[in-house]
Amino acid sequence: MHMKLAWKTPALKPAIAVLALTAVWLSPARAQGYPTRPITMVIPFAAGGPTDLLGRSLAQAMSAVLNQSVVVENRPGAGGTLASAAVARAQPDGYTVLLHHIGMSTAPALYRKLNFNPLQAYEYIGHVADVPMTVVGRPDLPPITPKEFIAYMKANGSKVNIAHAGLGAASHLCGMLLQQAIGSEATTVPYQDTGPAMTGLMGKQVDAMCDQTMQTMSYIKAGKVKFYGVTTKERLRQLPDAPTMREAGLKDFEVVVWHGVYAPKGTPPNVTAKLNEALQRALQQPALVKRLDDLGVQIVAPALQTPKGLQEKLSAEITRWGPLIREAGTYAD
Ligand code: ASP
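A brief structural summary. Since the structure is predicted, the reported quantities are computational estimates derived from the model, not experimental observations. (Residues numbered from 1 in each chain as written. Predicted model: local features only at pLDDT ≥ 70, side-chain atom pairs only at ≥ 80, totals over all residues. Heavy atoms only, no water.)

## So, the site of the ligand
Alright, step 1. Taken together, Phe45, Gly49, Pro50, Thr51, His101, Ala165, Ala169, Ala170, Ser171, Asp193, Thr194 and Gln212 make up the full set of residues adjacent to the ligand.
Alright, step 2. Contact between the ligand and Asp193: a nitrogen atom at 2.8 Å from a side-chain N or O atom of the residue.
Alright, step 3. Secondary-structure elements contributing two or more residues to the shell around the ligand are α3 (50-66) and α7 (170-182).
Alright, step 4. Its residues assigned to classes, the shell around the ligand shows 5 nonpolar, 6 polar and 1 charged. (Near = heavy atom within 4 Å. Polar contact = N/O pair within 3.5 Å; in protein donor to acceptor, adjacent residues only side chain to side chain. Helix = DSSP H or I, 4+ residues; strand = E, 2+ residues; numbered from the N terminus. Nonpolar A, V, L, I, M, F, W, Y, C, P; charged D, E, K, R; others polar.)

## Overview of the pairing of strand β8 (residues 226-230)
Alright, step 1. Judged by how many residues are buried, β8 sits mostly within the fold: 4 of 5 residues are covered.
Alright, step 2. Examined bridge by bridge, strand β4 (residues 122-137) and β8 share 4 bridges and lie antiparallel to one another. If you follow Thr134 over to β8, its bridge partner there is Val230. (Buried < 20%, exposed > 50% of the residue type's maximum accessible area, 1.4 Å probe, protein only. Pairing = 2+ DSSP bridges.)

## Side note on helix α4 (residues 81-88)
Alright, step 1. In terms of burial, α4 is a largely internal element, 6 of the 8 residues being buried.
Alright, step 2. Buried residues belonging to α4 abut β1 (39-43), β3 (96-100), α5 (103-110), β4 and β9 (256-264). (Contact = heavy atoms within 4.5 Å.)

## Let's talk about the state of the cysteines
Alright, step 1. Overall, the coordinates contain 1 disulfide when judged by the stated rule.
Alright, step 2. What pairs with Cys174 in a disulfide is Cys210, and their sulfur atoms sit 1.8 Å apart. Of this pair, Cys174 sits in helix α7 while Cys210 sits in strand β7 (residues 208-212), placing them 36 residues apart in sequence.
Alright, step 3. Residue classification places Cys174 among the buried residues on the basis of a relative accessible area of 0%. (Disulfide = S-S within 2.5 Å.)

Next up, the structure:
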C-alpha cells in the first residue's frame, strides 16, 4: 500500500529511478560503491571490556574513513566462540566483520567441539594490535612487590583466588600460564566477563587477576589495585616503573593479547581490500593512535595490518598454543 502510494507521487519517480540505477551500480562486480549501508563489527565479549574498548575506538575511526557507520555489536559467550561461529556463518558481503583476540588461536585446542575452523572460515582483514597484560591484586592484598606476590602465590597455593573473564578468555590463559610459571596451583574463579571480574577484584571477592592494559591502566594509575608487573618481555613506556614479571623471576614468561579483524569466507576481494585500506588508514589517525597508546595498546607495524599479516599470526599462534593447552589438559567445553 505504502509502495503504491509512493509510486503515485510524481515527484518521487526520479528519486526511485536513481535508486534503481544505484542498485545496478552496486552489484558485487561493482563494489566501488561499498559500503552503502552500516557495517556491523561483532565483538565477542561484553560491552566495557578490553576488546569492546578497542573495537569501539576502531569502529569510530573506520567509520570516518569509510564515510559510513561501523556499528559495534557485542555477542559475548563461550570465550568468544559464539560470535566467531556466527560471523563465520554470516553473509559474506562485507557488512559483518569480527574483531577478536588471541582467543581465536586458543579455541581449537580449548574446545573439543568447535563448530568453525579459524583457518578456513574467514577472509583475513588485518592484525590490529598487541596488548600487554598486567598482574593486579585486590586493593588490600598483602604483597607489595612482584617478588612478594610470587612468594605469596607459592605459600598460599589454592587459598589464592585468581579471577578471569570466563573459560577461554585471555585472562584465563594468562592466569593459567602465570600459575604454571610460578609453580603454584591457585583457585581460578570464572566471571561472566572482564567487567564483572574487575568488580570482583575491587570488591575483594578474589585476590588477583591478569588482565589487559586497556582495562587495568586507569585502575593502576589511580592506585585502586595492587599492581605487580607487566607480562611483556620489555617494560612498557606507559608504565616505566613497573617491572616485567620476567624481571621478578619468572623466566621466559610472556603473554601478549593480539587482536585481528576477520570477515566471513567468500567476502569479495574488492570488499576485503576496501576494509583493509580502511583499517590501515584508521590506524594512522592521530586521535586513535593517542587514545590507544594511552591505554597501553601497541598498534602493529603496517606490514602486519594486512590479510597476510593476520593469517600468518593466527596460524603461528594456533601452532604455539595447541600443544601447550593440550599438555595442560584444560578444556573449556
Ligand atoms: N573478555 C575480555 C574482553 O572483553 C578479554 C579476555 O580476558 O578474554 O576483551
